[in-house]
Amino acid sequence: MSKYPNESQCVTLLDRAGCTKRVIVHCCTVKAVAVAVAERTDADMELVIAGALLHDIGRSRDHTIMHANAGADMAERLGLPKELVNIIRKHIGAGVDAIDAREMGLPDRDYIPRTIEERIVAHADNMVSDNKVVPHTHSVEKLRMKGSDRGAARITALHHELSKICGMDLDYLASSLGDAPALAGLCASLARE
């Protein structure tokens, strides 16, 4: 038995937490991208899947940058493993450094994704807009428009790092996975509801 919740259990956790169908489908899309990346690495696939599916559980409580902390706190209360809690807390952008955390009013914590699983989920989220897979430059430009050049640079650096590990430019996933990869498997039933 895995120490991480499986796909069905994750979707149930999102639903019970009060996440909207739109958030759940977004999480399923992030999972599809994360799996495509993780398959090319030595990452723990079960952890990547659970992390990708649960990364936005905090959106049931908050739709600001604080959703990552809210979700991590929820995951801790649910008794989920620390490495899964860390993915949820650190998935914002390509991580948030101490300077940005202070400026955003985030609690004083480490928000930089360090493990391969944390980095994969954070970057998969950067490559999903709502339920569409997009090139990483989509998130980079959004941050630049908000004046967050350091955050945009972190996304670009993470993209290059993971692309090198995978032996391919991960922006290719925007075309190879298609418009709505979440519509396969368990998430397909959600989209039809």
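Here's what I pulled together on the structure shown here. (Residues numbered from 1 in each chain as written. Predicted model: local features only at pLDDT ≥ 70, side-chain atom pairs only at ≥ 80, totals over all residues. Heavy atoms only, no water.)

Turning our eyes to something else, we now look at the overall build of the protein. Along the backbone of the protein there are eleven helices and two strands. Going from the N terminus to the C terminus, the protein shows its helices and strands as α-α-α-α-α-α-α-β-β-α-α-α-α. The C-alpha radius of gyration computed for the protein amounts to 15 Å, which stays within 12% of the reference 16 Å derived for 193 residues, consistent with globular compactness. Principal axes of the C-alpha set define a box for the protein whose edges measure 40 × 35 × 30 Å. (Helix = DSSP H or I, 4+ residues; strand = E, 2+ residues; numbered from the N terminus. Rg over C-alpha atoms; globule rule 2.2 N^0.38 Å.)

The next subject is the side chain of Ser 139. Along the chain, the position of Ser 139 falls in helix H8 (residues 137-145). Setting aside residues up to four positions removed in sequence, Ser 139 forms contacts with Asn 126 and Ile 155. (Contact = heavy atoms within 4.5 Å.)

Glycine aside, negative phi is the norm for most residues, and most peptide bonds take the trans geometry. The phi torsion at Asp 130 lies on the positive side, around 60°, for a residue other than glycine. By the secondary structure assignment, Asp 130 is in the loop between strand S1 (128-129) and strand S2 (132-133).

With that settled, consider helix H2 (residues 21-38). Between its first and last C-alpha, H2 extends 25 Å over 18 residues, near the 26 Å set by a 1.5 Å rise per residue. Burial analysis of H2 places 16 of its 18 residues in the buried class, the great majority of the element. (Expected span 1.5 Å × (residues − 1). Buried < 20%, exposed > 50% of the residue type's maximum accessible area, 1.4 Å probe, protein only.)

Attention shifts here to the environment of His 67. Mapped onto the secondary structure, His 67 falls in helix H4 (residues 67-77). Residue classification places His 67 among the buried residues on the basis of a relative accessible area of 3%. Between the alpha carbons of His 67 and Arg 89 there is a distance of 8.5 Å; along the sequence they are 22 residues apart. In contact with His 67, not counting residues within four places along its chain, are Asp 56, Gly 58, Arg 59, Asp 62, His 91 and Ile 92. Polar side-chain contacts of His 67 include one of 2.9 Å to the side chain of Asp 56. A distance of 2.8 Å separates a polar side-chain atom of His 67 from the backbone oxygen of Thr 64. (Polar contact = N/O pair within 3.5 Å; in protein donor to acceptor, adjacent residues only side chain to side chain.)

Take the nonpolar core next. Formed by 51 residues in total, the largest nonpolar core has its most connected members in Val 33, Leu 54, Ile 120, Leu 170 and Leu 173. Elements with a contribution of two residues or more to this core: helix H1 (7-17), H2, helix H3 (45-54), H4, helix H5 (82-90), helix H7 (116-126), helix H9 (149-166) and helix H10 (173-176). Among the elements that take part in this core, H2 stands out by supplying ten residues, more than any other. Not counting residues up to four positions away in its chain, the partners in contact with Ile 120 are Ala 34, Val 37, Ala 38, Thr 41, Ala 43, Val 48 and Leu 162. The next biggest cluster of nonpolar side chains, apart from the first, holds six residues, and it includes Val 96, Ala 101, Leu 106 and Tyr 111. (Core = buried A, V, L, I, M, F, W, Y, C linked by side-chain atoms within 4.5 Å.)

Turning to its location among the elements, Asn 6 is positioned in the segment before H1. Sequence separation between Asn 6 and Ala 124 is 118 residues, and the spatial gap between their C-alpha atoms is 19 Å. Polar contacts involving the side chain of Asn 6 include one to the main-chain amide nitrogen of Ser 8, which spans 3.1 Å.

Burial in H4 covers these residues: His 67, Ala 68, Asn 69, Gly 71, Ala 72, Met 74 and Ala 75. Those residues of H4 that are buried are in contact with H1 and H5.

Before going further, it helps to examine the environment of Ser 163. With respect to the helices, strands and loops of the structure, Ser 163 is situated in helix H9. Residue classification places Ser 163 among the buried residues on the basis of a relative accessible area of 9%. Put simply, Ser 163 and Asp 42 are 121 residues apart on the chain and 14 Å apart in space, counted from C-alpha to C-alpha. Non-local contacts of Ser 163, meaning those with residues more than four positions away in its chain, are made with Met 168, Asp 169 and Leu 170. For Ser 163, the side chain forms a polar contact with the main-chain oxygen of His 159, separated by 2.9 Å.

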